[in-house]
Amino acid sequence: MKGHYKLILLIAISLASCSPKLKDEYNGQIILDICDLPNHINETVILKATYSGMEEYWSLNSVKSKKCSAELLVNLDFEENYKIPHNFEKMLTKIHNSYWNSYLTILAKGKYENSNPNGYGHLGTKKSRFLISEIINIELIKREK
């Protein structure tokens, strides 16, 4: 009977170690998606999103839901005194010059705002914005043909 309990214990430990993590974290803080932002208005959060667009119409987008991105229309912005890292500026130039085949994945700390009645971004076309206080990671992604 003792061997039977060991087997059950080993199976339980094995299943626990294989179970997927429910939420990704960065420094103990849950990483949010665009779809989560309305529940965290004006709170400092960690966001993972994509950034894409064309000409003057660029926005942050959900990694999980195109519908959510279309409903929220989130503009990318930076806190007033934030010095944008040089490598981020280079990647922005790259995707603006090749928007048809690339986009960025961004992990950043910042605040979600949606209180401006005139909107955000080019001609106020965005309903909200994510105001970045720190870029944690960026990655240039080439679209598949």
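This text follows the structure it describes.
Residues numbered from 1 in each chain as written. Predicted model: local features only at pLDDT ≥ 70, side-chain atom pairs only at ≥ 80, totals over all residues. Heavy atoms only, no water.

### Brief notes about the overall build of the protein chain
So, point 1. Helix and strand content of the protein chain: 3 helices and 7 strands.
So, point 2. Secondary structure elements of the protein chain occur, N-terminal to C-terminal, as α-β-β-β-β-α-β-α-β-β.
So, point 3. Within the protein chain, contacts between residues separated by at least 24 positions form 64% of all contacts whose residues are at least 6 apart in sequence.
So, point 4. Put simply, the protein chain shows about 9,700 Å² of open surface, and 53% of that area lies on carbon and sulfur atoms. (Helix = DSSP H or I, 4+ residues; strand = E, 2+ residues; numbered from the N terminus. Contact = heavy atoms within 4.5 Å. Areas by Shrake-Rupley, 256 points an atom, 1.4 Å probe, with all protein chains shown as cover.)

### So, the nonpolar core
So, point 1. I34, Y51, L60, F88 and F130 are the most contacted members of the largest nonpolar core, which has 26 residues in total.
So, point 2. Not counting the four nearest positions on each side in its chain, Y51 is found in contact with W58, S59, L60, L76, L92, I95, H96, Y103, L104 and I106. (Core = buried A, V, L, I, M, F, W, Y, C linked by side-chain atoms within 4.5 Å. Buried < 20%, exposed > 50% of the residue type's maximum accessible area, 1.4 Å probe, protein only.)

### Considerations on the pattern of salt bridges
So, point 1. Within the structure shown, the criterion is met by 3 salt bridges.
So, point 2. The shortest N-O distance in the salt bridge between D77 and R129 comes to 2.7 Å. In this pair, D77 sits in strand β5 (residues 74-78) while R129 sits in strand β7 (residues 128-142), placing the two residues 52 residues apart along the sequence.
So, point 3. We classify D77 as partly exposed; its relative accessible area is 26%.
So, point 4. A relative accessible area of 19% means that R129 is categorised as buried.
So, point 5. The salt bridge involving E113 is made with R129; its shortest N-O contact spans 2.7 Å. Highlighted residues: E113 in strand β6 (residues 102-113) and R129 in strand β7, separated in sequence by 16 residues. The pair formed by E113 and R129 is uniform in burial state, with each residue classed as buried.
So, point 6. Overlapping salt bridges bring together D77, E113 and R129 as one network. (Salt bridge = Lys/Arg side-chain N within 4 Å of Asp/Glu carboxyl O.)

### Describing the pairing of strand β2 (residues 29-32)
Looking down a regular strand, the side chains alternate between one sheet face and the other.
So, point 1. Relative to β2, strand β1 (residues 25-26) runs antiparallel, the two being bridged by 2 bridges. Following the sheet pairing, Y26 is matched in β2 by Q29.
So, point 2. Linking two consecutive strands that pair antiparallel, namely β1 and β2, is a turn of 2 residues; a positive phi of about 50 degrees is found at N27 within it.
So, point 3. Pairing geometry for β2 and strand β3 (residues 44-54), over 2 bridges, is parallel. When the sheet's bridge partners are listed, L32 is paired in β3 with L47. (Pairing = 2+ DSSP bridges.)

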